[in-house]
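# Analysis of the macromolecular model
Residues per chain, in single letters:
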Amino acid sequence: MHRWTIGAVIAVTICAYGLVYRGSDEGRAGPAPPALVAEAAYSDDSLGWVVDLALTGGRLVGIDALLDPSVHVFDLESVERLGSYGRRGDGPGEFRDPEQIVPGATDSPDEVWILDGVHQRLTRLSLGEIETGSVAAPETFRMDGPNAGSLVHAPDGRWFAGGWITGGRVARYRADRSYDRTIVGFPPEADAPGMTLLQAYESRVVADPGGGRLAAGTLLGGLLEIFDYDGVPIAQAAVPDPFQPVWRQGRSRGGRAVMSLGPETRYGFTDLVATGRYVYGLFSGRSVAEPGTPWATPEVQVYTWDGAYLKTLHLDRAAEAFTVDAIDTWLYASGPDPEPWVGRFRLPEELIPRHVPTGAGAEPQRAVTARPNSNLKSPDYGERDP
């Protein structure tokens, strides 16, 4: 369930439909405000493709979706790599489709859980063991239920997930990771057969560290919604460029009804992060038919937990994954161009609470996000069922 196959998918889709994308400046605002410049950055081809970031245990953790090893641990200040772990495979402690990091619980800050999308299982790792190269026998735990592509562990112990959710956009899981029910459905006016709506409205989910609220941002739409643990709506965020997903009805090679991409399909929220004060969203707005990596973006939108839009931040480079510390002071991001990089950016003073440390060592309380879905294996989204 990763986005790194999307570029190939887009190319195939364009060829299949004979489509040509034409860029336009129409409707664009004036000059953007000054960009946030990375105060520290680490770049190395051996990073491959870092598609998720999380803060836990006083470190930054990233997932490499392209190369072995798969999990990297970075220093918060210098963003230098401290250690790596992972190999491709299907056995215990191996990854076929590593796509997401779930930070450890408050009483276990030195551990992380890695979600493998293909196997739908979590692998628990010790950051200390990764740094020393002594990972011995990591445990794996199965997810039960719909394909979880955006998994968050809520303060009350339950789990919530976006992804390809049967009958809707957000599912709820019990503390033992067994499926409870789908809590957020599709818009009443949306109607399409088969897997089409699951793919069109795929969402990433984050949780308020204080408890009680979730936020969901739509990958292929300009939609950001706030709701409670039962899926009861609290607010529709005031997104500056709101839009519903647009798709073409397609068929998989096996004849299933699936979503098909066209140049009218746009990326919306490609990553989402939560702190106790704000919801941050990487927002693209670009057509999937654009060349390069149209889901990567320098634009970070900031919202309150009541859905109010506060401002848009502009990074000095396009990112595809990011995270923010619990005191809204430091933003960490990663991207693929011009070579794989991970960087640290100081947030604007108006977002930073008073009387916070100036260093990068504050412990985060961060809900985890997921990448655009690697179920995109062909123009018709492939064969895999939810």
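Residue positions are given per chain, counting from 1 as you read along its sequence in written order. A pLDDT threshold of at least 70 governs which residues receive local features in this predicted model, and a stricter bar of 80 or more applies before side-chain atom pairs are shown or counted, although totals over entire chains, interfaces and linings include all residues. Processing note: side-chain calculations cover all non-hydrogen atoms of the structure and skip hydrogens and water entirely.

## A few points about the environment of A105
Comment: elements are numbered from the N terminus, with helices defined as DSSP H or I runs of at least four residues and strands as E runs of at least two. Within the secondary structure layout, A105 lies in the loop between strand 6 (98-103) and strand 7 (111-116). Think of it in three bands: with a 1.4 Å probe and only protein chains considered, a residue is buried below 20% of the maximum accessible area for its type, exposed above 50%, and partly exposed in between. Exposure remark for A105: the relative accessible area of 36% places this residue in the partly exposed category. Along the chain, A105 and G57 lie 48 residues apart, while their C-alpha atoms are 10.0 Å from each other.

## A closer look at the pattern of salt bridges
Salt bridges, as used here, are contacts in which a Lys or Arg side-chain nitrogen is within 4 Å of a carboxyl oxygen on Asp or Glu. Overall, the coordinates contain 22 salt bridges when judged by the stated rule. Residues D230 and R181 are paired through a salt bridge, measuring 3.8 Å at the closest nitrogen-oxygen approach. With D230 in the loop between strand 16 (224-228) and strand 17 (233-236) and R181 in strand 13 (residues 179-184), the pair connects residues that are 49 residues apart, well separated along the chain. On the basis of relative accessible area, D230 is assigned to the partly exposed category, the value being 42%. A residue is classified by how much of its surface remains accessible, and R181, at 33% relative accessible area, is partly exposed. Among the ionic pairs, E264 bridges to R248, the shortest N-O distance being 2.9 Å. Here R248 lies in strand 18 (residues 248-251) and E264 lies in the loop between strand 19 (257-260) and strand 20 (269-274), a separation of 16 residues in the sequence. The class for E264 is partly exposed, based on a relative accessible area of 30%. What emerges from the salt-bridge pattern is a single network uniting R172, R174, D180, R181 and D230.

## Comments concerning the environment of H72
Mapped onto the elements of the fold, H72 is located in strand 4 (residues 71-74). Given the relative accessible area of 0%, H72 is considered buried. Placed 10 residues apart in sequence, H72 and G62 show a C-alpha to C-alpha distance of 5.2 Å. Note on contacts: a residue pair is in contact if any heavy atoms of the two residues lie within 4.5 Å. Leave out the neighbours within four places in its chain, and H72 touches S46, L47, L60, V61, G62, D64, R81, G83 and S84.

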